[in-house]
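The residues making up each chain are set out below.
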Amino acid sequence: MHLLTHSSHFATHCPDNKITPLLCALLHCPAQLRVEGPDHPVTATVGQDVVLPCHLSPQRNARSLDIRWIRDHISETVHHYHNGEDLYGEQMGAYAGRTELSRDGLSAGSLDLRITGLRPSDDGRYVCTVEDADAYNEAVVDLEVSAPFFHNTQPWMVALVLVLVLLAVSIGLGVYL
């Protein structure tokens, strides 16, 4: 799990810069954001829907926070939620109409993102970022998208396998008759 924290209180409460921003944030910001993702990759198949899990720890109402899911390798927005509204202005075109932040769990700190109709290009690293007036934090979620077994199979290959199976069954029946 990847965590990163900073606080805007550092500049106002630690002007002499004699302590680190993280220590200052711990001393002056009791409502620190801590975001957690899974310790293992999320796996799904092309065409399925998937939920990328992410949550605040300890549990805290996330309805008033700025929540952004981004693709790690290109730093572009997959989904953006701010103060109770989904903001689609910065969303990558590839995700238009395919993402939803789960509203049911927001009051309990759940930041889960649902992606529908998975594509091979959805495979990769996602970053769940959360920010309020005092703090920022993020967690990484790796998504592994696999193709279904017959996804790239040519029709002639399926026909060949079917003929071979029927031939084997015929020979097997011929031996017993």
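Just so it is clear, the structure is predicted and the values come from calculations on it, not from any experiment.

Calculation rules
- Chains are numbered independently. Their residues run from 1 in the order of the written sequence.
- Given that the model is predicted, a residue must reach a pLDDT of at least 70 before its local features are reported, and side-chain atom pairs must reach 80 or more before they are shown or counted; all residues, however, enter totals for whole chains, interfaces and linings.
- Hydrogens are left out, water is left out, and the side-chain values use all remaining heavy atoms of the structure.
- Secondary structure elements follow DSSP: runs of H or I of four or more residues count as helices, runs of E of two or more count as strands, with numbering from the N terminus.
- Per-residue accessibility, obtained with a 1.4 Å probe over protein chains only, is compared with the maximum for each type, and a residue is labelled buried under 20%, exposed over 50%, and partly exposed between these values.
- All accessible-area figures derive from a Shrake-Rupley calculation using a 1.4 Å probe, and residue coverage is judged against the displayed protein chains alone.
- UniProt positions are given in the numbering used here, feature names are shortened, and annotations may be inferred rather than shown by experiment.
- Two distance rules govern patches: like charges are joined within 9 Å, and nonpolar side chains (Val, Leu, Ile, Met, Phe, Trp, Tyr) within 5 Å, applied only to residues with over 30% relative accessible area and no salt bridge.
- Between Lys or Arg on one side and Asp or Glu on the other, a salt bridge is scored when a side-chain nitrogen of the former is within 4 Å of a carboxyl oxygen of the latter.
- By the convention used here, residues are in contact when the closest approach between their heavy atoms is within 4.5 Å.
- Throughout this description, a polar contact denotes any pair of N or O atoms lying within 3.5 Å of each other; where both atoms belong to protein, one of them has to be capable of donating a hydrogen while the other can accept it, and for residues adjacent in sequence the pair is counted only when both atoms sit in side chains.
- The term nonpolar core refers to a set of buried residues drawn from Ala, Val, Leu, Ile, Met, Phe, Trp, Tyr and Cys, joined through side-chain atoms within 4.5 Å.
- Here, any two strands with at least 2 DSSP bridges between them count as paired.
- The axes are straight lines fitted to the C-alpha atoms, using for helices just the contacting stretch, and the angles between their N-to-C directions are given from 0 to 180°.
- For a helix, the expected span equals 1.5 Å multiplied by the number of residues minus one.
- You can read pLDDT as the predictor saying how much it trusts each residue, on a scale of 0 to 100.

## Focus on the overall build of the protein chain
Turning to step 1, where the next piece is worked out: Of regular secondary structure, the protein chain possesses three helices and twelve strands.
Turning to step 2, where the next piece is worked out: By residue count, 36% of the 177 residues in the protein chain fall in the buried class.
Turning to step 3, where the next piece is worked out: Per element, the accessible surface of the protein chain, about 10500 Å² overall, is 59% carbon and sulfur.

## A closer look at the UniProt feature "transmembrane region" (unreviewed entry) in the protein chain
Turning to step 1, where the next piece is worked out: Mapped onto this numbering, the UniProt entry gives "transmembrane region" (unreviewed entry) at residues 156-176.
Turning to step 2, where the next piece is worked out: Taken end to end, residues 156-176 is 100% helix and 0% strand, and its two terminal C-alpha atoms sit 31 Å from one another.

## Topic: a nonpolar patch on the surface
Turning to step 1, where the next piece is worked out: On the surface, a cluster of nonpolar side chains totalling about 940 Å² of accessible area is made up of Trp 156, Met 157, Leu 160, Leu 164, Leu 167, Ile 171, Val 175 and Tyr 176.
Turning to step 2, where the next piece is worked out: With respect to the helices, strands and loops of the structure, Ile 171 is situated in helix H3 (residues 155-176).

## Section: the environment of Ser 110
Turning to step 1, where the next piece is worked out: By the element assignment, Ser 110 lies in the loop between strand S9 (99-101) and strand S10 (113-115).
Turning to step 2, where the next piece is worked out: Accessibility expressed as a relative area gives 16% for Ser 110, which makes it buried.
Turning to step 3, where the next piece is worked out: Sequence separation of Ser 110 and Cys 54 is 56 residues, and the distance between their C-alpha atoms is 6.3 Å.
Turning to step 4, where the next piece is worked out: The residues contacting Ser 110, other than those within four sequence positions of it, are Cys 54, His 55, Ser 102 and Gly 105.
Turning to step 5, where the next piece is worked out: Polar contacts involving the side chain of Ser 110 include one to the side chain of Asp 112, which spans 3.4 Å.

## Some details on the nonpolar core
Turning to step 1, where the next piece is worked out: Grouped together as the largest cluster of nonpolar side chains are 31 residues, with contacts concentrated most on Leu 52, Ile 67, Trp 69 and Leu 111.
Turning to step 2, where the next piece is worked out: Put simply, the parts of the chain that give this core at least two residues each are strand S3 (42-45), strand S4 (50-52), strand S6 (66-71), strand S7 (76-82), S10, strand S11 (124-131) and strand S12 (135-146).
Turning to step 3, where the next piece is worked out: The element best represented in this core is S12, accounting for five residues.

## Examining the sheet that holds S9
Turning to step 1, where the next piece is worked out: In space, the three strands of this open sheet follow the order S4-S10-S9, with antiparallel pairing throughout. Bordering the open sheet on either side are S4 and S9, each of which pairs with just one other strand. Going from strand to strand, the sheet's axes swing by 25 degrees on average, the running direction of each strand aside.
Turning to step 2, where the next piece is worked out: For S9 and S10, the ladder comprises three bridges, and the chain directions are antiparallel. The partner of Leu 101 across the bridge, within S10, is Leu 113.

## Overview of H3
Count 3.6 residues to each turn of an α-helix, and residues three or four apart come out pointing the same way.
Turning to step 1, where the next piece is worked out: The terminal C-alpha atoms of H3, which comprises 22 residues, lie 32 Å apart, in line with the 32 Å expected from a rise of 1.5 Å per residue.
Turning to step 2, where the next piece is worked out: When you tally the buried positions in H3, you get zero out of 22 residues, a small fraction of the element.

## Description of the confidence of the model for the protein chain
Turning to step 1, where the next piece is worked out: Looking at the protein chain as a whole, its pLDDT mean stands at 82, while 79% of the residues score no less than 70.
Turning to step 2, where the next piece is worked out: Across residues 1-30 the pLDDT falls below 50, and counting only partners more than four positions away or on other chains, this stretch makes 48 contacts in the model.

## Brief notes about the pattern of salt bridges
Turning to step 1, where the next piece is worked out: Under the criterion given, the structure shown has seven salt bridges.
Turning to step 2, where the next piece is worked out: Across the pair Glu 36 and Arg 34 runs a salt bridge, and its minimum N-O distance is 2.7 Å.
Turning to step 3, where the next piece is worked out: On the basis of relative accessible area, Arg 34 is assigned to the partly exposed category, the value being 40%.
Turning to step 4, where the next piece is worked out: One salt bridge in this structure joins Glu 90 and Arg 68, with 2.3 Å as the shortest N-O distance. Taken together, the residues Glu 90 in the loop between strand S8 (85-86) and S9 and Arg 68 in strand S6 connect sequence positions 22 residues apart.

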